[in-house]
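# Per-entry structural report
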Amino acid sequence: MKNLRLLLTLTLSLYAGLGQAQTRLTADTTRKPTTAGEYGLSMRPDGRLYGIPAGGPAFRPVVDSLNIPGWTQRLQSLAPKSWVWSRVEADNRYKPIGYTPTKAEMGLENVSNTSDENKPLSAAQRAALAEKIEPKTIAQIRSAPLFNGQSQAAYIVTDLGREGILRRDDNDFTTPDNGATVIVNSVTGYRYKRVFDGPIIPRWFGVVGNGTTDDTAPLQAALNAAVGQIARKVSIPVSLTCLVSSITIPAGVTLEIQEGAVIRGRALTSAEQTTANRDVPVIECAASARVIGPGTVDGNKTARFWSRQVTQNNIVVTITTFSPLIYALKASGAPDYELDISNLNLINGGDGVSFQNYRRATVQNCTFNGNIDQNIDGIITSNVLITGNSMNGGAHGIQWYGVEGNYCENWTISNNIVRNGGGGGIWGARGRYIAITANVVEYWDDVCIDPERSFYVTVTGNTVKNGRNAALSIFNACDKITFSDNIVQQDSLYGAGFKIYGNNIAGLTDKSRNISLIGGSITMGKGNANPGVTTEQNVAENISIQAIEIYADGGSGIRSLDCNYTSILNVKARSRNQYVISIEGSSRCLIQGNEVLYAGATPATARGIYLIWRSSQYPIKNNTVRNNRTNVAIMDDGWGDNATGSVIENNETPSVLYAGTLNGSYTGKVRNNYDLNGNLQDGSNRYTITQMTNPTAGDLLYFDGTSWNRLPKGTDGQTLKIVSGQPAWSN
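First things first, this report covers the structure right here in the doc.

Conventions and cut-offs
Residues numbered from 1 in each chain as written. Predicted model: local features only at pLDDT ≥ 70, side-chain atom pairs only at ≥ 80, totals over all residues. Heavy atoms only, no water. Helix = DSSP H or I, 4+ residues; strand = E, 2+ residues; numbered from the N terminus. Buried < 20%, exposed > 50% of the residue type's maximum accessible area, 1.4 Å probe, protein only. Contact = heavy atoms within 4.5 Å. Areas by Shrake-Rupley, 256 points an atom, 1.4 Å probe, with all protein chains shown as cover. Pairing = 2+ DSSP bridges. Axes fitted to C-alpha atoms, helices over the stretch in contact; angles between N-to-C directions. Phe/Tyr/Trp six-rings, centres within 6.5 Å; stacked < 30°, edge-to-face > 60°. Salt bridge = Lys/Arg side-chain N within 4 Å of Asp/Glu carboxyl O. Core = buried A, V, L, I, M, F, W, Y, C linked by side-chain atoms within 4.5 Å. Patch = residues over 30% accessible without salt bridge, like charges linked within 9 Å, V, L, I, M, F, W, Y side chains within 5 Å.

Along the protein, the regular secondary structure elements total 6 helices and 63 strands. By residue count, 47% of the 731 residues in the protein fall in the buried class. Long-range pairs, those at least 24 residues apart, make up 54% of the contacts in the protein with a sequence separation of at least 6. For the protein, the exposed surface amounts to about 33,300 Å²; the carbon and sulfur share of it is 50%.

Take a look at the structure:
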């Protein structure tokens, strides 16, 4: 061990004495002595050192003739592991251990220190030194010369905001310099590429993010650079506000706007408006793309709008338009795209998110506020999920819009909060298989939820309040629409709880069919004179109203106007209106199993269930009123067509009234009805209203206990009195 320590001490001293203390030559396994004058060292497995002669293909050590202790083992078969200098004579005899060679003997007479570039180095050493990472600016990297005849392998970027490591790519001589992730050295043509495994940071490309500098070009460069990256993602960090005209997210790229970061649209120049000739979006998705938050996209509507002139009815008018925040258009014939928008604040724009011709789109967990037009607008797009969003204001909240022959299909709109807008909360035209579930929709100047010319739509479990014209509605020839378990509240200044509208589009005469309203409740506030459920004239048939609770005030609970094949089943209806359930000009309807309560002040003239003939085009025929309970009369008033064929049976009601011919005949069937005490009505307490012959304006009709009688109108100044229990005029 003493000899080993001596050898190590000598070796280290010699190494430092040669000026090589900072050079790791001993780690160079490729450096072997090949000529006289070179020195080497090899290490035994037990840690002892021995000298090695120069030359020879196997470099086998020879036992020293001096018989130094510790060198007596046979060592020829051991491969060397590392080296140190030891003098080799021409006769392959070693110099004594204590010998110190001269610089000339070492071939280093021209070397003064370790920084001398003339110092002889192996190829491996040159490569190792080339791996040394130097700090430089991007400008310096572009013009950096060769080092020791080689191009530098890597650099540390020192530019503020662009810090990072760039490494040489020996296999790429074509990728252009983008100023951030790829830098081209003008001397060698080598591409130096940024080393990172996460998203691209816009500041690498020169984004300032102070809210006043135009960041359009550098941010677009960052998005373009993401196309070739594994992550394919650009992330705008906290506290940056990027002012842009319009940026485009390339195919498959994700733009992440972190919490506190903002992309804000700047005012457009006249040239930008004229060139585009359309609403210029703040963010445009040219292909499958994702925009995720929780940062903000700000449309900056007070500064970013433009006006254009259009001709309407031969009059030139000026229209002011506002930019969409996020716009995604798939060009006709292009591959199918997917769109993902999530966790963003989308404010102060025209449309919030608008997409067209997509195969699949998701908008989730976003907040919309202060937008002018649609918050979410999907055009001719299928397989759409809109969930967890909150929006305040806008012309419409959520909208689907298809065209004839190319409908929006397979939409799920769920768990959104949609409030305070100028048009429809959730509405759409020409859609199929639309599910609207568990949303809160409140305070809309038109309607809250409204499918139009759509098919196979379900509206389930929503909380709906205060639509100016209606809370729930259907418009323009829908088919197979089901509303179930919704909770509706309409205060005094708002419209009907549920309304089916007509066809106001030229050339469209189809009715809505197969409409169901099932479960839940409709509550009309005090002073609201609109019906809980109503239809416009001749716009629908095959309507089913089941198991819903309706609390009306000044309007009817249910009013069906010219809608054949209406069924009202197991409904609880309450109203202060004279007609709690009113079936007008409708035939082949079924009113069964309902609880009907008149809550007004004049029960003698009120009707719990009222059937009324409207015209020869809209009669009442073959209706069935069965198994209902009402605290006021049921009336079949087919005054213009006595052959109603209606059946009124097994009801609990104070009375059943019906209209007959002049001689009192009635063609319907009134049977097995009971009063509220359970007494069977035998027919003697039924009333037949006989149409008078040649009535005069002002005549009165009264019942004397047996029959109806005419009391001609009186003369001016007379008063109506009761004489012997009957009405009579008196001077």
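Additional details are given in the paragraphs that follow.
Here we come to the sheet that holds strand β6 (residues 182-184). Here we have 5 strands laid out as an open sheet, ordered β3-β4-β5-β7-β6, and mixed in their pairing. On the outer flanks of this sheet lie β3 (134-136) and β6, each paired with one strand and no other. Taken over all neighbouring pairs, the strand axes of this sheet differ in orientation by 35 degrees on average, direction set aside. Two strands pair when backbone bridges link them, and β3 and strand β4 (residues 154-157) are joined in this way by 3 bridges, in the parallel orientation. For Pro135, the partnering residue across the bridge sits in β4 and is Ile156.

A few words now on the packing of aromatic side chains. What the rule picks out here adds up to 12 aromatic pairs. Here Tyr401 and Trp427 contribute two aromatic rings whose centre-to-centre distance is 6.4 Å and whose plane-to-plane angle is 70 degrees, an arrangement assigned as edge-to-face. Placement of Tyr401 in strand β28 (residues 396-401) and of Trp427 in strand β31 (residues 426-429) is noted, with a sequence separation of 26 residues between them. Site record: aromatic cluster; members linked through ring pairs are Phe355, Trp400 and Trp411.

It is possible for side chains bearing opposite charge to pair when their charged atoms get close. Considering all chains together, one arrives at 23 salt bridges under this definition. The partner of Glu338 in a salt bridge is Arg359, and the shortest N-O contact between them spans 2.5 Å. On the criterion of sequence distance, the pair formed by Glu338 in strand β20 (residues 338-342) and Arg359 in the loop between β22 (353-356) and β23 (360-364) is long-range, its members being 21 residues apart. Residue classification places Glu338 among the partly exposed residues on the basis of a relative accessible area of 34%. What emerges from the salt-bridge pattern is a single network uniting Asp169, Asp172 and Lys193.

Core analysis: the biggest nonpolar cluster contains 110 residues, and Leu255, Ile263, Ile283, Val291, Ile326, Phe355 and Phe498 have the highest contact counts within it. With 8 residues, the next largest nonpolar core counts Ile138, Tyr155, Leu166 and Tyr192 among its residues.

Before going further, it helps to spend a moment on a nonpolar patch on the surface. A surface patch of nonpolar side chains, amounting to about 280 Å² of accessible area, comprises Ile133, Ile156, Ile165 and Val195. Note that Ile156 resides in strand β4. With relative accessibility at 34%, the residue Ile156 sits in the partly exposed group.

Within strand β55 (residues 633-637), 5 of the 5 residues are buried, leaving the element largely enclosed by the surrounding structure. Of the two faces of β55, the one holding Ala633, Met635 and Asp637 and the one holding Ile634 and Asp636 are both buried throughout. The pairing of strand β52 (residues 607-612) with β55 spans 5 bridges and is classified as parallel. Within β55, the residue paired with Leu611 across the bridge is Asp636.

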